[in-house]
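Structure assessment
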Protein chains: 2
Amino acid sequence: MIERNPISKAIAIRDKSLAVIEPPLDLDRLPDPLPPNVTQLPYDFLTDEEITITSLDVDELLARLRNKQLSCVQVTKAFLRRAALAQQLVNCVTELLPETALERARYLDSLDQPIGPLHGLPISLKEHHGMRGRLTNCALVACIDNQPPIKDEVSGVNDVLWEAGAVFHARTTQPQSLMHLETSSNIYGVTLNPNNLKLSPGGSSGGESALIRMRGSILGIGGDSGGSIRVPAANTGIYGFKPTSGRVTRRGTASGVPRSSSINGSHGPLSTSRYGLELFMSTYLNSQPWYKDVTLVPLPWREITLQKHLKIAIMWSDGVVNPHPPVQRALRQVATMLQKNKAQFTVVDWEPLEHDRGWELTQSLYYGDGGAGLKKILADGNEEALPLSKWMLESKNVRARSREELNQLTAERDKYWHTYNDHWQATGEKDGHIVDAILCPAGPGAAPAHGHSKYWSYTSQWNLLDYPAAVFPVTVVDQALDQPETDYQPMNSEDKRNHELYDPGTYRDAPVGLQLVTRRYEDEKCLAILAAIERVMGRK
Amino acid sequence: MIERNPISKAIAIRDKSLAVIEPPLDLDRLPDPLPPNVTQLPYDFLTDEEITITSLDVDELLARLRNKQLSCVQVTKAFLRRAALAQQLVNCVTELLPETALERARYLDSLDQPIGPLHGLPISLKEHHGMRGRLTNCALVACIDNQPPIKDEVSGVNDVLWEAGAVFHARTTQPQSLMHLETSSNIYGVTLNPNNLKLSPGGSSGGESALIRMRGSILGIGGDSGGSIRVPAANTGIYGFKPTSGRVTRRGTASGVPRSSSINGSHGPLSTSRYGLELFMSTYLNSQPWYKDVTLVPLPWREITLQKHLKIAIMWSDGVVNPHPPVQRALRQVATMLQKNKAQFTVVDWEPLEHDRGWELTQSLYYGDGGAGLKKILADGNEEALPLSKWMLESKNVRARSREELNQLTAERDKYWHTYNDHWQATGEKDGHIVDAILCPAGPGAAPAHGHSKYWSYTSQWNLLDYPAAVFPVTVVDQALDQPETDYQPMNSEDKRNHELYDPGTYRDAPVGLQLVTRRYEDEKCLAILAAIERVMGRK
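Residues numbered from 1 in each chain as written. Chains lettered and ligands numbered in written order. Predicted model: local features only at pLDDT ≥ 70, side-chain atom pairs only at ≥ 80, totals over all residues. Heavy atoms only, no water.

1. Observations regarding unusual backbone geometry
Backbone torsion omega between D32 of chain A and P33 of chain A reads 0°, so that peptide bond is classified as cis. Inspection of the secondary structure assignment puts P33 of chain A in the loop between α1 (4-19) and α2 (42-45). Omega for the peptide link from E22 of chain B to P23 of chain B comes to -15°, which places this bond in the cis form. Within the secondary structure layout, P23 of chain B lies in the loop between α1 (4-19) and α2 (42-45). You will see that L178 of chain A, though not glycine, has its phi angle at about 75°, which is positive. Looking at the secondary structure, you find L178 of chain A in the loop between β3 (167-172) and β4 (184-185). Phi angles above zero are rare outside glycine, and C138 of chain B is one such case at about 50°. (Helix = DSSP H or I, 4+ residues; strand = E, 2+ residues; numbered from the N terminus.)

Here's what the structure looks like:
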């Protein structure tokens, strides 16, 4: 039995924030039923000016804000209306922030000079990023009345963005306890994928990815302890970046269930462009946040010059679960482009090193208490565990462990970490050139139908190893090109389960993203190599 | 009952290494009994050339090796003989390395050019730094036959020093399980303080400090999880530096009992000079060790320019245990010199923030298992817990804790860490100048008589907070100036215990060092400010 009262309170906050969006959207005109792909519907509901503003890329929008070609108020209003429409279509926000956003926009417009590099840019935030004066529930009913974990003297990510000129206009949905790679909760229901409503936009930052794919925001901040930025980015066809831990503060962010200290989670950006990722990272890190958060390393965003020649290793499969045909095709497509540019790229195969072991360690370390903390907070909220929570809690790797067992597991994790790093270091033994980056799937397939995101290891592997990783869009599932493999011999039950998920019809219009991984703290290099790869792909 | 056989084996290895030192020392001439202060005895046993060589400071010795004014063999032989004498006087080595050191020296002499910045420099190593082909026991009987935790492909600290031209000539003693601030074990017995044999040279790197004080080495490598570099340095009147964790690898080092993952330990240098500390840090970090150890942060040794004006906070007491009169005098002495240089220094008081809580958290986190691991390894070796091991195990803070209790403790540690850092950050609120460094005691007194090192918090506080800290010699206990305080009102039982330890006679010739602490990762700044302070003290 779910107690409705606290939920009604959260929903009332959301709906009240939507009700004051001006001018109101003529929602009666929405088609019924909605088409599977709703990405084009904004053209029918927004003004030409709103469409133009919300279609600009981050750099161009900022340029027009700086030279006052666009006012902050104009821009904020356009994104608020587009976000409100996105909410109607894909259920992605926990609240909009019209009053404070417009107040902020008016203030910024009153200044003679831009206040900072983000002057006037609307930015959306995953709900668990605490905001002063607003509640933070982490998609847990028991937490609906929680005050944000932020004090006046603590500067989290938000404060840095604020000082740089951001306008916070939307807070976005996340899954129960933040620990699904999809986005549904007993509070807000299910967030949908704009490309195909039957598919998941990913999670846990799935409110962000859905909103950004709808261009109700073009830069948002999420968090990622197992793929929670990268999977949503891949599922919706946008960009996402999980930095190395210790670069972006987690102060001021709630987690609902206590975080595992053994798995390195990071906050980071999702955006419509690679530039959006770079802008967040450089703006944030140039604020020297390590003085305010002692757990951060004092590395500013470093300008780097890539070597002329790059060695890219393609990981075609992790050796545990083979990716679906569209992902294989995306890898082939990019690999072929790189191979054609021999002057700049050497392409080799990446040998995955016991990723099954990696996933086992990761799952075990997430829930050293066997999920007791999660079960308790669900019980406290009188709410049911959703299927993806249940599935995780029932995994063979998740059980309560003693202090000794956890110490042992952590020691094994450390050993695996060193071994993997030695493995990477050894790629330079023959030719003196160590692999610069790994290009790999962002998941075992494109965005799956709701409820099927159960194999995290393509992303969680890099949390376990604390390597930075960027996801970028490559292609879209093609009904003709991406036929199922016939006579497929599954490697194991997990591979069989994944294989059976695939048929092209289910994945109609599903974007396919890929993931680029560099070594620990090589965040700058990761995005610089991504730029080099995208140039080869004909992008700017 | 202690099983003697394995101990005999370790002792035989040590004695065999001493027996081949050429030419042999005429030990029959040693005074009986030995004088309390043995630091001058080498002048009676070594040749003038040996005295000259071993009296040079690190920079001057390296210069003479580089220009071949001295050969590596000449230098190595001199330090081997002085180290062998030191062993006779203060019992500080687990073995000398005459064969391999001289082979290395001959090789280096055969080269036309210096091989690296440490060309020909004899370096001593605390025993737990694994060396290929040699056993590593961590002062635990059960571990006497242990192979070193080092594999061919793993590069620890040793390999970097080796590649830079070091000659390893001595391995040094440490206390049972490495967890005393003194140095005694059932294998090697008690290491003595060269300044006064009745006093402790500190620990756990007390073999290093005793050997270096005897100038049987002028640069050695230790480790510090609670004061194990800094206390030995202070107790013997030499220099020591505990870097921020994550800057110096711990790969290839054994720990006997599994390390606490919650308390940040670091390896670092002890030396006869500040230059020795800088040389180790710059040589090590310029090797880019983070590629070989994924747990390290990619910060090279950074050249920094200090601000013209420095704000130094003096912590006269930690508010829990007041330091003895000689330590108070040393603080006053340096503070006065700084205050006289108003153009360069502002001196303020440091307000310690709940250091009692810090020590409680630290002790609790060292032994989350209540010491079960230590007890087991002692039982495995059929050896008794030494008094300082027993004392730690019987502390009210040390008990077996459940997984939940440990998670709770770690969360409290994190909170304390943030609070302390906010406290430091707030020192700039009034004048815009945040405190640059804290000058504080390195312990509650000068080197105590053996068996009395029970209050770690003056050093362990900075492990808990992972701040870098350097110790430097300031003065020596003065029988006239350092009279006991009369009518002292102890603040608590620990303060009472410490107060009662003091009388000037006991501490005859005991050096007094002080400690300089900077913020996390400000290792370079710590040594740069130390240089500025020492210049004011009239040193180079």
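Next comes the rest of the write-up.
2. Quick look at the pattern of salt bridges
Residue and element names in this part refer to chain A. Using the criterion set out here, one finds 60 salt bridges over all chains in the structure. K540 serves as the salt-bridge partner of D59, at 3.2 Å between the closest nitrogen and oxygen. Here D59 is found in helix α4 (residues 58-66), whereas its partner K540 is found in the segment after α18 (523-536), with 481 residues between them in sequence. For K540, a relative accessible area of 65% translates into the label exposed. Of the charged contacts in the structure, one is a salt bridge between D482 and R329, with a shortest N-O distance of 2.6 Å. You can see D482 sitting in the loop between β12 (469-476) and α17 (493-501) and its partner R329 sitting in helix α11 (residues 325-340), a full 153 residues away along the chain. (Salt bridge = Lys/Arg side-chain N within 4 Å of Asp/Glu carboxyl O. Buried < 20%, exposed > 50% of the residue type's maximum accessible area, 1.4 Å probe, protein only.)

3. Topic: the interface of chain B and chain A
Contacts between the two partners involve 29 residues from chain B, matched on the other side by 29 residues from chain A. Approximately 2,500 Å² of surface area, both sides summed, lies buried where chain B meets chain A, with 57% of it carried by carbon and sulfur atoms. There are two salt bridges connecting chain B and chain A. The partner of R251 of chain A in a salt bridge is D422 of chain B, and the shortest N-O contact between them spans 3.0 Å. Our enumeration of links across chain B and chain A arrives at 14 residue pairs in polar contact (both at pLDDT 80 or more). A per-class count over the side of chain B that touches chain A returns 12 nonpolar, five polar and 12 charged. (Contact = heavy atoms within 4.5 Å. Buried area = accessible area lost by both parts, 1.4 Å probe. Polar contact = N/O pair within 3.5 Å; in protein donor to acceptor, adjacent residues only side chain to side chain. Nonpolar A, V, L, I, M, F, W, Y, C, P; charged D, E, K, R; others polar.)

4. Some points on the side chain of H423 of chain B
All names here are of chain B. Within the secondary structure layout, H423 lies in helix α15 (residues 403-425). Look at H423 and you get buried, because its relative accessible area is 18%. At a separation of 2.8 Å, a polar atom in the side chain of H423 contacts the main-chain carbonyl oxygen of E351. If sequence neighbours within four positions are ignored, H423 has contacts with W350, E351 and L353.

5. Observations concerning the sheet that holds strand β13 (residues 511-517) of chain A
Residues and elements named next belong to chain A. With respect to topology, 11 strands assemble into an open sheet ordered β1-β3-β2-β6-β8-β7-β12-β13-β11-β9-β10, the strand pairing being mixed. Bordering the open sheet on either side are β1 (93-96) and β10 (345-349), each of which pairs with just one other strand. Across the sheet, the mean angle separating the axes of adjacent strands is 25° when strand polarity is ignored. Pairing geometry for strand β9 (residues 310-314) and β10, over five bridges, is parallel. Within β10, the position partnered with L310 by the bridge is F345. Sheet contacts for helix α10 (residues 274-285): β6 (219-224), β7 (239-242) and β8 (266-271); angle to β8, the most-contacted strand, approximately 140°. Against the sheet, α18 touches β7, β9, β10, β11 (437-441), β12 and β13, its axis set at about 20° to β12. (Pairing = 2+ DSSP bridges. Axes fitted to C-alpha atoms, helices over the stretch in contact; angles between N-to-C directions.)

6. Description of the sheet that holds strand β2 (residues 122-126) of chain B
Residues and elements named next belong to chain B. Taken together, the 11 strands give an open sheet; going across it, the order is β1-β3-β2-β6-β8-β7-β12-β13-β11-β9-β10, and neighbouring strands pair in mixed fashion. Only two strands of the sheet have a single partner each, and these edge strands are β1 (93-96) and β10 (345-349). If you compare each strand with its neighbour and ignore which way they point, the axes differ by 25° on average. Strand direction decides the pairing type here: strand β6 (residues 219-224) and strand β8 (residues 266-271), joined by six bridges, are antiparallel. Along β8, the bridge assignment pairs G222 with G268. Set on the sheet, helix α16 (residues 457-464) makes contact with β6, β7 (239-242), β11 (437-441) and β13 (511-517); between it and β13 the angle comes to about 20°.

7. A look at the relation of the copies chain B and chain A
Each copy of the sequence occupies a distinct position, and chain B is placed on chain A by a rotation of 180° and an axial shift of 0.0 Å, giving an RMSD of 0.0 Å. Between the two chains, the operation in question is that of a two-fold axis. Residue R403 of chain B of chain B places its C-alpha closer to the rotation axis than any other residue of that unit, at 2.5 Å. (Least-squares fit on C-alpha atoms with pLDDT ≥ 70 in both.)

8. Description of the layout of surface pockets
Within this model, the second largest pocket holds a volume of roughly 1,200 Å³. What lines the second largest pocket is a set of 50 residues, among which P298, L299 and P300 of chain A together with L299 and R302 of chain B lie closest to the centre. Listing elements by their share of the lining of the second largest pocket, those giving two or more residues are α18 of chain A together with α15 and α18 (523-536) of chain B. The biggest single contributor to the lining of the second largest pocket is α18 of chain A, with three residues. Mapping the lining of the second largest pocket onto the domain boundaries places at least three of its residues in each of domain 1 (4-29 + 44-291) and domain 2 (312-536) of chain B. (1 Å grid on protein atoms, 1.4 Å probe; cavity = no way out; pocket = protein on both sides within 12 Å on 5 of 7 lines; lining within 4 Å. Points joined across faces, edges and corners; volume = space filled by probe spheres on them. Domains from an automatic or database assignment.)

9. Digging into the UniProt feature "active site" (unreviewed entry) in chain A
All names here are of chain A. With numbering matched to this structure, UniProt assigns "active site" (unreviewed entry) to K126, S204 and S228. For the annotated residues, spread through 103 residues, the largest C-alpha to C-alpha distance comes to 10.8 Å, consistent with a single compact locus. For S204, a relative accessible area of 1% puts it in the buried group. Leave out the neighbours within four places in its chain, and S204 touches K126, T173, Q174, P175, L178, H180, L181, E182, T183, G223, S228 and P232. Within the local environment of S204, its side chain forms a polar contact with the side chain of K126, the two groups lying 2.5 Å apart. Tracing the chain through its elements places S228 in the loop between β6 and α9 (230-236). If we ignore the near neighbours within four places in the chain, the residues touching S228 are K126, L178, H180, L181, G203, S204, S205 and G223. At a separation of 2.8 Å, a polar atom in the side chain of S228 contacts the side chain of S204. (UniProt positions renumbered as here; feature names shortened; annotations may be inferred.)

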